[in-house]
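# A look at the structure
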Amino acid sequence: MSDRSDRLFSRAEAILAGKSNGFGMPILQMLAHRRYGPAMLSLAARKTDTGKRADLGRFSDATSPAGLMYRAFQQGEVNAAQNLALTLFYAGDLPGYRKWLRRAARGGDKDAAKELSRFEVRQPYPLARRMKRIRPFRRDGS
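So, here's what we can say about the structure.

Before going further, it helps to examine the overall build of the protein chain. On a plain count of helices and strands, the protein chain comes out with eight helices and zero strands. Mapped in sequence order, the helices and strands of the protein chain form the string α-α-α-α-α-α-α-α. Taken across its 142 residues, the protein chain has 35% of its residues classed as buried. Counting contacts in the protein chain only where the partners sit at least 6 residues apart, residues at least 24 apart contribute 38% of the total.

As structure tokens, then:
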């Protein structure tokens, strides 16, 4: 089943990237309904591309982006916690961002542990400009 899911996921991503013909979103929705982790994260990312808090939804709703990322995290998907942390950051929820970054670090994500150790309220990311938490880049590029 995993090989089939991997092939379907690759096909859906190719369709959505414009490299193939067909409908990619129904394939992603079907895979997410069958609890395929990468499809759940991809579908959640596509639903939250505007960065608005209203698009995130609730953790209790299995079809909302927050619910999809939470269920992917529960299944043991490696980068689900960090995806959820960054989504919460862009939505303006800094306590939620730190909570999910801690969970990602506990799960073994070294990038999340590094980011948590140098956490700053102001970030140099483009979407952070919307919430007025941007800082200039340092000379070392960070």
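Next, the rest of the story.
Taken as a whole and judged by the stated rule, the model has one salt bridge. The partner of Arg-46 in a salt bridge is Glu-13, and the shortest N-O contact between them spans 3.1 Å. With Arg-46 in helix α3 (residues 37-47) and Glu-13 in helix α1 (residues 2-16), this residue pair connects regions lying 33 residues apart in the sequence. Look at Arg-46 and you get partly exposed, because its relative accessible area is 32%.

The calculated volume of the largest pocket comes to roughly 190 Å³. Taken together, Gln-29, Ala-32, His-33, Arg-35, Met-40, Leu-43, Lys-47, Ala-62, Thr-63, Leu-68 and Arg-71 make up the lining of the largest pocket. Of all elements in the fold, only α2 (24-33), α3 and α5 (65-74) reach the threshold of two or more residues within the lining of the largest pocket. Here the lining of the largest pocket is composed, by residue class, of five nonpolar, three polar and three charged.

Okay, the side chain of Arg-71 next. Relative to the helices and strands, Arg-71 is located in helix α5. Setting aside residues no more than four positions away along its own chain, Arg-71 makes contact with Arg-35, Met-40, Phe-59, Ser-60, Asp-61 and Ala-62.

Inspection of the entire model under this criterion finds four aromatic pairs. Centre to centre, the rings of Phe-89 and Tyr-97 are 5.1 Å apart; their planes meet at 50°, and the pair counts as tilted. An aromatic cluster of at least three residues, connected via ring pairs, comprises Tyr-70, Phe-73 and Trp-100. Lying across the ring of Trp-100, Arg-103 places its NZ or CZ 4.4 Å from the centre.

Bringing the environment of Arg-58 into the picture now. The residue Arg-58 is located in the loop between α4 (53-56) and α5 in this model. Given a relative accessible area of 63%, Arg-58 falls into the exposed group. Apart from residues lying up to four places away in sequence, Arg-58 is in contact with Ser-64, Ala-66 and Gly-67.

The subject of this paragraph is the side chain of Gln-82. With respect to the secondary-structure elements, Gln-82 resides in helix α6 (residues 80-91). Residue class for Gln-82 comes out buried when judged on its relative accessible area of 19%. If we ignore the near neighbours within four places in the chain, the residues touching Gln-82 are Ala-104, Asp-109, Asp-111 and Ala-112.

Here is what the cut-offs are and how they apply
Position labels on residues start from 1 in each chain and follow its written sequence. Where totals are concerned, whole chains, interfaces and linings use all residues; where local detail is concerned, this predicted model gives features only for residues with pLDDT of at least 70, and gives and counts side-chain atom pairs only at 80 or more. Derived side-chain values reflect all non-hydrogen atoms in the structure, with water molecules and hydrogen atoms excluded from consideration. Helix and strand assignments come from DSSP, with helices taken as H or I runs of at least 4 residues and strands as E runs of at least 2, each series counted from the N terminus. Three exposure classes are used, based on accessible area relative to the maximum for each residue type with a 1.4 Å probe and protein chains only: buried under 20%, partly exposed in between, and exposed over 50%. Whether two residues are in contact is decided by their heavy atoms: any pair within 4.5 Å suffices. In what follows, salt bridge is the name for a side-chain nitrogen of Lys or Arg lying within 4 Å of a carboxyl oxygen of Asp or Glu. Cavity and pocket criteria rest on a 1 Å grid covering protein atoms alone: a 1.4 Å probe that fits but cannot get out defines a cavity, protein on both sides within 12 Å along at least 5 of 7 lines defines an open pocket, and an atom within 4 Å of a point defines a lining residue. Grid points are joined across faces, edges and corners, and a volume is the space filled by probe spheres set on the points. Classification convention: Asp, Glu, Lys, Arg as charged; Ala, Val, Leu, Ile, Met, Phe, Trp, Tyr, Cys, Pro as nonpolar; all other residues, Gly among them, as polar. Centre distance within 6.5 Å is the pairing criterion for rings of Phe, Tyr and Trp, where only the six-membered ring of Trp is used; planes under 30 degrees apart are then read as stacked, over 60 as edge-to-face, and the remainder as tilted. Only Lys NZ and Arg CZ are tested; either one counts as a charge over a ring when it is within 6 Å of the ring centre and within 35 degrees of the ring normal.

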